[in-house]
Amino acid sequence: VQLQASGGGLVQAGDSLLLSCAASGRTFSSYVMGWFRQAPGKEREFVAAISRGGASTYYSDSVKGRFTISRDNAKNTVYLQMNSLKPEDTAVYYCAASNQVSIPTMASYNNMNYWGKGTQVTVSS
């Protein structure tokens, strides 16, 4: 599966952004999908994940309550709605897909099979 993330940009603290990740192929619904991010000089970190059908989600503590992951399997797209953005959310955001895990709480950098090119999110203070 090929993934293409979009929607990044430069915003001010407190603003919102909606990231989208479009996937190719007809097996999108068979993948647990996730969002990760990487800030300059830091390792790539988990942000959020969603189950194959979309009923179950999982978030890192740093974004819980501010970010919402969702998916539309008919459109082969996963979203990340980011609200109340903070300067520390500045990073390149990547979407990823996994057929190695069955639930979003198992998603991690090491078990995602496919990665899209990232989209830059910059939050100014």
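This section reports on the structure supplied with the text. Each chain has its residues counted from 1, following the order in which its sequence is written. The model is predicted, so local features are restricted to residues of pLDDT at least 70 and side-chain atom pairs to those at 80 or more, both for listing and for counting; the totals for chains, interfaces and linings are taken over all residues. As a rule here, side-chain values come from all non-hydrogen atoms in the structure, and water together with hydrogens is ignored.

### A few points about the packing of aromatic side chains
Point 1. Two rings from Phe, Tyr or Trp (for Trp, the six-membered ring) form a pair when their centres are within 6.5 Å of each other. A pair whose planes differ by under 30 degrees is stacked, one over 60 is edge-to-face, and the rest are tilted. Per the stated rule, a full pass over the model turns up five aromatic pairs.
Point 2. Plain terms: the ring middles of Tyr-109 and Trp-115 are 5.4 Å apart, the flat faces sit at 50 degrees to each other, and that makes the pair tilted.
Point 3. Relative accessibility under 20% of the residue-type maximum defines a buried residue, over 50% an exposed one, and the middle range a partly exposed one, all with a 1.4 Å probe and only protein chains included. Using a relative accessible area of 47% as the deciding quantity, one classes Tyr-109 as partly exposed.
Point 4. Taking the relative accessible area as the measure of exposure, Trp-115 reaches 28% and is therefore partly exposed.
Point 5. Among the aromatic residues, ring-to-ring pairing joins Phe-36, Phe-46, Tyr-58, Tyr-109 and Trp-115 into one connected group.
Point 6. In this analysis the charged atom, NZ for Lys or CZ for Arg, is taken to sit over a ring once it is within 6 Å of the ring centre and within 35 degrees of the ring normal. One residue, Arg-44, lies across the ring of Trp-115, its end atom 4.9 Å from the ring centre.
Point 7. Its guanidinium or amino end placed over the ring of Phe-28, Arg-71 lies 4.5 Å from that ring's centre, counting from NZ or CZ.

### What to know about the pairing of strand β8 (residues 77-82)
Point 1. By the bridge criterion, six bridges tie strand β3 (residues 17-23) to β8 in an arrangement that is antiparallel. Residue pairing in the sheet places Cys-21 in a bridge with Val-78 of β8.
Point 2. Should DSSP find at least two bridges between two strands, the strands are taken to pair. Under the DSSP-based scheme used, a helix requires at least four consecutive residues in state H or I and a strand at least two consecutive residues in state E, with every element numbered from the N terminus. Examined bridge by bridge, strand β7 (residues 67-72) and β8 share six bridges and lie antiparallel to one another. By the bridge assignment, Phe-67 is partnered in β8 with Met-82.
Point 3. Linking β7 to β8, which pair antiparallel, is a turn of four residues; within it Asn-76 sits at a positive phi near 55 degrees.

### Remarks on the nonpolar core
Point 1. Buried residues of nine kinds, namely Ala, Val, Leu, Ile, Met, Phe, Trp, Tyr and Cys, make up a nonpolar core once their side-chain atoms join them within 4.5 Å. Trp-35, Leu-80, Met-82 and Tyr-93 are the most contacted members of the largest nonpolar core, which totals 29 residues.
Point 2. Mapped by element, the contributors of at least two residues to this core are β1 (3-6), β3, β4 (32-38), β5 (45-50), β7, β8, β9 (91-98) and β11 (119-124).
Point 3. Formed by six residues, the second largest nonpolar core is a distinct cluster that contains Ala-49, Ala-96, Ala-107 and Met-112.

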